[in-house]
Structure formats: structure tokens, C-alpha cells
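Here is how the chains run, residue by residue.
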Amino acid sequence: MNTKLTPTTEAQIHQIDQTSLLQASSSALMDTAASTTLETALVYCEGNFGEMDGKTANGLVRASYRFRIQGVIDSDKAGLDSGTVLDGKANGIPIYRDLNQALREGDTEPTHFIFGVAPLDGQFSAKDRYVIFQAMEKGLHIINGLHEFLTNDESVMRKALTCGVTVTDIRKPAPSHELSVFTGQIMKMACPRVAVLGTDTAIGKRTTATILVQALQAMGINAVMIATGQTGLMQGTPYGVAIDAIPAQFAAGELEATMLKADREQQPDIMIVEGQGALSHPAYSSSSLIIRGCVPDAIVLQHAPGRPHRGDFPDMPMADVRSEINLLKAFCGTDVVALTMNPEHLDSEQMAQAMQELRSQFGLPVADVVAQGADSIVTQLLETFPALRQKRKRLQN
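K.L.:
How would you explain the sheet that holds strand β2 (residues 67-73) if you had to name every residue and give the values?
P.N.:
Sheet architecture is open: six strands sit in the order β3-β2-β1-β4-β5-β6, paired in parallel fashion. With one partner strand each, in any of the chains shown, β3 (95-96) and β6 (167-169) form the two edges of the open sheet. Here six bridges tie strand β1 (residues 39-44) to β2, and the two strands are oriented parallel to one another. Among the inter-strand pairings, A41 is bridged to a residue of β2, identified as I69. Against the sheet, helix α2 (residues 55-62) touches β1, β2 and β4 (112-115), its axis set at about 135° to β2. The sheet contacts of helix α5 (residues 126-137) involve β1, β4, β5 (141-144) and β6, and relative to β4 the element is tilted by about 165°.

Here's what the structure looks like:
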């Protein structure tokens, strides 16, 4: 039952303010040394870890600045190392059969249960709800990234009150009277804005954006990440919005407001904006809203040359890189300055050949930044924005 609780009952329930998840400073964003102070969490990803619909769990295992991920729950891959499943490199985060095993065998007692599956319909199954109730009974706070808001469900919130735990709906927007409309002030911002967009959903845009920010920061460039989805917010990215949950009238304005705030507070040299979906994909309008809200000065385009069809749409062929570049140019007038790759379904030789073909075809740097690093892409950004190149030279002298 999705009945709204009365104000009196709501006041009794200690919910986490969504903004409390975003309090890490920008300088600490990529500081893995801060992990000793993080709260511990289990990530539920039954039947989907390492797959497209497991992208929230996948992202949290690769990087989290808010939680120390203690384990993943997925009975299909129980006993494996999550890093080995994702990237072929062990990370010490185990995959458990179920919640009971995770609590019994974990090295520390977790405080949070994160729902790490991201199905297309954004809804919970009966099995999902059972496990969430089980987690509350074990004393775990619930973090939810789906479009179905648990805080609107009376049975969930009464259970949370009984168990003394909190429930956070990451995607739940503020009331409309608190939302911002687009003002155009972002176009006066001196800081360059780079959008990492893609030819499909769940293709690696957030991971690429994170790696680019890390690489730029490592050379002394003050790069700020702007998250636009639930995973980035769960990871603890200080600035961002769950763009696909905001009413369309306010989506561009909310993104603009977040970026203006980041500009005031951090005075960044560059902002890297996480994309969502694909502009050419009819199932995802969020890409167009991101472009409108951030007004990018340059685009990095993420592509999976071995993906045969759009994710979750087996009858829909993948977008061609040239057609996506042309569509982006027509839509916003912004150039794609680099291509980044997702190697799924390709072996190393096939991937190398696909990347070389794209370099020859477009004359742009092409890289799988997870496997190869981001040097060529960062060099291109320095060439694209002279102020960054000048700062880099000053730092080297």
C-alpha cells in the first residue's frame, strides 16, 4: 500500500535527509584514505551483479566515498570476488548468497543496506520487498535508488519505526516550490563544462567521468564531478541531482543550480558532468535534460563497439557513433572531442581493432579508460581548453 503517512507519524520516523549523503568535501571526493571513517554497507544485487541492471551495485563496488562496501548479495555469483567479476581484478569485496550469510561472515557489522539493482521499470518485486523488511529487522538502514519511493509506503515506514532504522529515497525530489527553473546563468560561468554522454544506457559514463576527474585532480587541476543519477549520489559525490526523477519543468534548472553552487563553493578549473542514457535513445529523455541544464562546452562520448543492441531492447540496434555525434551537434552545437570505450563482448584484439578504426574514422583520441587510463583523453581536454593547459604548465614549472 502506497498511502502517505500522516504528518504526526512522519515526524516520528527519523529519516536521513538526502543532502546528508552529500556532505563530503570536494577535496575528499577521491581520497580513498578516508575509507576508515566510512559507514559500512551491504549492496543487494540479486541476479544482476556485473550485468546492466546491476549498474548501481557495480558503481558502488568500484568507488564509494560515503560507504565502505562490505559485500554484495547475489546468489548467482556467491563465493566470487566482486572485483574479479567486474574488472578481472580482485578487490576483496565478497559476493554472498543471501543477507544471513553476509551478516554471519562479514568482517564488521554493517550499518546500511543499499538496494543496488536498477531495473528499467524502477519498481520493487515482492522478493525485493521481503529482503528489505528482513534487512530492517536486522537493524540496517535502507538506501533506495529506485523511482518507487519507500518513504511513501506506510507499511515500510511503520516497519522502519518499529526497527529503529531510517529509510532514504535517493531519487525523491524536493517539493516543486523548492525547485529551480533554468535561468541561463550557467552560460556566464567561466569554468569549462564537459559532459560525458553515451550511445546507450549503462555503458560506463559515470565510471569514465569519475576516472577523468581523478586523472585531472592528480595533475593539480581542480576538477569537480557533477552526478546526475542515483549511483553517483549514493557514492557520495558532493554535487549532483537525480535528473530523471525531477519534473521536466525543473530538471534543467536543478542541474544548473547545482553546478552554479559547485562553481561558487569550489571555484573549479573544470566540471565533468555525468550523462544518462543516450540522446538518440527513445526510452531516456534525461540525456536531453542534462545537455540543456549544463550547456556543455565539450562532449566525451562513451561507446560499446561490441554491444549488439540497446540495453533492455533486443530489437533496437545500437546507435552508430557518427550518427550520435551528428545528433549531438545538431541538438546543442557542441563538439565531441574524445571517444571512450566499453569493451564488453570483445576480446583484447577485437577491442584494439575497433578503437583503431574509430581513431582513423574520426581523428579523435579513443581510450578504454578503465583498462588503459585516461592520459590521452585528459591531454585532449587540456588542448581543448587553453586555461587548463596553461595551469598545467605553471604547475610543472
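K.L.:
Just give me the short version of the packing of aromatic side chains, but keep the residues and values in it.
P.N.:
Scanning the entire structure with this criterion turns up three aromatic pairs. Between Y44 and F115, the ring centres sit 5.6 Å apart and the planes meet at 35°, which makes this aromatic pair tilted. With Y44 in strand β1 and F115 in strand β4, this pair connects stretches of sequence that are 71 residues apart. Just as Y44 is buried, F115 falls in that class too.

K.L.:
Summarise the nonpolar core; cite the residues concerned and give the values.
P.N.:
Formed by 43 residues in total, the largest nonpolar core has its most connected members in I69, F113 and I114. Discounting residues that sit within four places of it in the chain, F113 has contacts with L42, Y44, I73, L99, V131, I132, A135, L140, H141, I142 and I143. Counting 39 residues, the second-largest nonpolar core is a separate cluster that includes M189, L339, M351 and L358.

K.L.:
Hey, could you go over the pairing of strand β10 (residues 298-303) for me, with residue numbers and the actual values?
P.N.:
The element β10 is largely enclosed, with a buried count of six among its six residues. Here β10 shows two buried faces, one formed by A298, V300 and Q302 and the other by I299, L301 and H303. With five bridges connecting them, strand β7 (residues 193-198) and β10 associate as parallel partners. From the neighbouring strand, V196 faces β10, where its bridge partner is V300.

K.L.:
Break down helix α11 (residues 321-332) for me, with residues and values.
P.N.:
Under the 1.5 Å per step criterion, the end-to-end length of α11 is 17 Å for 12 residues, consistent within 8% with the ideal 16 Å. For α11, every residue scored as buried is listed here: V321, E324, I325 and L328. Looking straight down α11, one finds its buried side chains confined to an arc of 100°; they lie on one side. Structurally, α11 contributes buried residues whose contacts are with β7, α10 (286-294), β10, β13 (336-341) and α12 (348-362). Its side-chain oxygen 3.0 Å from the backbone nitrogen of R322, D320 forms the N-cap of α11. Of the residues flanking the end of α11, it is G333, one or two places downstream, whose phi is positive at about 75°.

K.L.:
Could you give me a rundown of the pairing of strand β12 (residues 313-317), with the residues and numbers involved?
P.N.:
Here β12 lies mainly on the outside; zero of its five residues are buried. As defined by bridge partners, strand β11 (residues 309-310) adjoins β12 across two bridges and the pair is classed as antiparallel. Paired with H309 across the two strands is P317, which belongs to β12. Counting the residues that bridge the hairpin from β11 to β12 gives two residues, and of these D312 lies at a positive phi of roughly 70°.

K.L.:
Can you break down the pattern of salt bridges residue by residue, with the values?
P.N.:
Summed over the entire model, instances satisfying the criterion amount to 16 salt bridges. Across the salt bridge formed by K329 and D335, the nearest N and O atoms sit 2.7 Å from each other. Between R389 and E383 there is a salt bridge whose closest N-O contact spans 4.0 Å. Exposure remark for E383: the relative accessible area of 49% places this residue in the partly exposed category. Within this structure, R129, E148 and D153 form a network of salt bridges that share partners.

Thresholds applied
Residues numbered from 1 in each chain as written. Predicted model: local features only at pLDDT ≥ 70, side-chain atom pairs only at ≥ 80, totals over all residues. Heavy atoms only, no water. Pairing = 2+ DSSP bridges. Helix = DSSP H or I, 4+ residues; strand = E, 2+ residues; numbered from the N terminus. Contact = heavy atoms within 4.5 Å. Axes fitted to C-alpha atoms, helices over the stretch in contact; angles between N-to-C directions. Phe/Tyr/Trp six-rings, centres within 6.5 Å; stacked < 30°, edge-to-face > 60°. Buried < 20%, exposed > 50% of the residue type's maximum accessible area, 1.4 Å probe, protein only. Core = buried A, V, L, I, M, F, W, Y, C linked by side-chain atoms within 4.5 Å. Expected span 1.5 Å × (residues − 1). Arc of directions from axis to C-beta. Polar contact = N/O pair within 3.5 Å; in protein donor to acceptor, adjacent residues only side chain to side chain. Salt bridge = Lys/Arg side-chain N within 4 Å of Asp/Glu carboxyl O.

Bear in mind that shape data such as this cannot, by itself, settle questions of function.
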